[in-house]
Amino acid sequence: MRAALAPHLDLLRLHFAPAWVLLFCSGTLLAAGNYGGFGWGVLVTAAVIALLGFTGGLVLNDYVDRDFDRLDVDSRLTRYWRPFGTRPLVEGTISPSRARLVFAVLAAGAAALALTLPWPHNLFVLAIMGWSYLAEYAYQVGKRRQRYPLAQILGRTDFALFPVAGYLVLGFPDSTALLYFAFFYPFALAHLGANDIADITNDRARGLQTIPVLYGMAGASRWVLAFALVHAAAALLFAAVLGPIARAGLVAGLACVMVATVGLVRHPEESAGLRLLPLFHLALALYAGGIVIDYVV
């Protein structure tokens, strides 16, 4: 049983699933505070859309990159991202055709649930979902051969739009949705830089044009710093539409981002990236958790 289940849990990175659900639902509850319409049915629907939609994107990531992932020489980041520390498509425990099927089922399930939302909210969520899968594919392919990090700049819009899609379950494309995107997009780019620093050995072996490959480790740390500062500036604007508990989560999360950023600037090394990357994920939980608790309280 475990031998059959473990590869699928690694394919879905399932131990991170609560973070994606929390992030998406933070948007939904922020919209509920602005527009009303909260109900447990709506929240559960949003949570399942988040779970299916995001994990579907992770499967798409593995499928598109399956041949390049065979070139990995360092498994430390794999052990961080996946509960059993394996790459199922590379190791043959899941076939490419099975991965395609898993992606199709997850994406179709998320889309079917999105269709149950009232008009035009269903259209908003489906549009972001479609864009996000296209952006993910473009990112995976584009970073194989580029002189400038256009794939990263385009590709991370999928992550930045994820909580916005949650907001649009009940809300509309308004100033709050724009502020959430403006706040989260530079975070997504800073997080990407940190992740690339932590995976530089594999990216060099794969021949991928990631941030530290393009600009060196010191250049990648400056990338993280630049976007962390933009993220902090956007947080000042975003805080204006949040309640007191959400603002406290914002401050705590920013502290984590800045500690990680300073650490990477001082020590732009793979080991520092591996050590400090969890602070970005803790910040994400603090941001989203603060918004959720603020609405509940």
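For the structure, see preceding data.
This one's a predicted model, so the numbers in the text were calculated from it and none came from an experiment.

### Looking at the packing of aromatic side chains
On inspection of all chains with the given rule, the structure shows 25 aromatic pairs. When the ring of Phe54 is compared with that of Phe159, the centres are 6.0 Å apart and the planes differ by 65 degrees; the resulting orientation is edge-to-face. Here Phe54 is found in helix H3 (residues 40–64), whereas its partner Phe159 is found in helix H10 (residues 157–167), with 105 residues between them in sequence. Take Phe54 and Phe159: they sit in the same class, and that class is buried. For the pair Phe124 and Phe172, a centre-to-centre distance of 6.2 Å together with 80 degrees between the ring planes defines the contact as edge-to-face. With Phe124 in helix H8 (residues 121–142) and Phe172 in the loop between H10 and helix H11 (175–198), this residue pair connects regions lying 48 residues apart in the sequence. You can call Phe172 partly exposed: its relative accessible area is 33%. Sitting over the face of the ring of Tyr63, Arg66 holds its NZ or CZ atom 4.1 Å from the ring centroid. Seen from the ring of Tyr139, Arg156 lies directly overhead, with NZ or CZ sitting 4.8 Å from the centre.

### Digging into helix H14 (residues 244–266)
Look at H14: 33 Å from first C-alpha to last across 23 residues, which is about the 33 Å you get at 1.5 Å a residue. Looking at H14, one finds that the buried residues are Ala246, Gly249, Leu250, Gly253, Leu254, Cys256, Val257, Ala260, Thr261, Gly263 and Leu264. Of the surrounding secondary structure, the elements contacted by the buried residues of H14 are H11, helix H13 (211–239) and helix H15 (270–296).

### Describing a nonpolar patch on the surface
Residues Phe38, Trp40, Ile245, Ile293, Tyr295, Val296 and Val297 make up a contiguous nonpolar surface patch of about 730 Å² in total accessible area. The element that contributes the greatest number of residues to the nonpolar patch is H15, accounting for three residues.

### Considerations on the nonpolar core
Within the largest apolar cluster, 76 residues are counted, with the highest numbers of intra-cluster contacts made by Trp20, Phe159, Tyr180, Phe183, Phe187, Phe238 and Phe280. Among the elements that make up this core, the one with the highest residue count is H11 (13 residues). Excluding residues that lie within four positions of it along the chain, Phe187 makes contacts with Phe159, His231, Val257, Phe280, Ala283, Leu284 and Tyr287. One finds Leu52, Leu89, Ala99 and Ala107 within the second-largest nonpolar core, a separate group that totals 15 residues.

### Remarks on the packing of H3 against helix H7 (residues 96–115)
Here H3 crosses H7 at 155 degrees, and the two axes come no closer than 8 Å. As far as their axial angle goes, H7 and H3 are roughly antiparallel. For the crossing formed where H3 meets H7, the hand is left-handed. Of the residues in H7, those in contact with Thr45, Val48, Ile49, Leu52, Gly53, Thr55, Gly56, Val59, Leu60 and Tyr63 of H3 are Pro96, Ala99, Arg100, Val102, Phe103, Leu106, Gly109, Ala110, Leu113 and Ala114. Split by residue class, the contact of H3 with H7 holds 14 nonpolar, five polar and one charged.

Thresholds, definitions, all that
- Residues numbered from 1 in each chain as written.
- Predicted model: local features only at pLDDT ≥ 70, side-chain atom pairs only at ≥ 80, totals over all residues.
- Heavy atoms only, no water.
- Phe/Tyr/Trp six-rings, centres within 6.5 Å; stacked < 30°, edge-to-face > 60°.
- Helix = DSSP H or I, 4+ residues; strand = E, 2+ residues; numbered from the N terminus.
- Buried < 20%, exposed > 50% of the residue type's maximum accessible area, 1.4 Å probe, protein only.
- Lys NZ or Arg CZ within 6 Å of the ring centre and 35° of its normal.
- Expected span 1.5 Å × (residues − 1).
- Contact = heavy atoms within 4.5 Å.
- Patch = residues over 30% accessible without salt bridge, like charges linked within 9 Å, V, L, I, M, F, W, Y side chains within 5 Å.
- Areas by Shrake-Rupley, 256 points an atom, 1.4 Å probe, with all protein chains shown as cover.
- Salt bridge = Lys/Arg side-chain N within 4 Å of Asp/Glu carboxyl O.
- Core = buried A, V, L, I, M, F, W, Y, C linked by side-chain atoms within 4.5 Å.
- Axes fitted to C-alpha atoms, helices over the stretch in contact; angles between N-to-C directions.
- Parallel < 35°, antiparallel > 145°, perpendicular 65-115°, else oblique.
- Left-handed = near helix turned anticlockwise from the far one by under 90°.
- Nonpolar A, V, L, I, M, F, W, Y, C, P; charged D, E, K, R; others polar.

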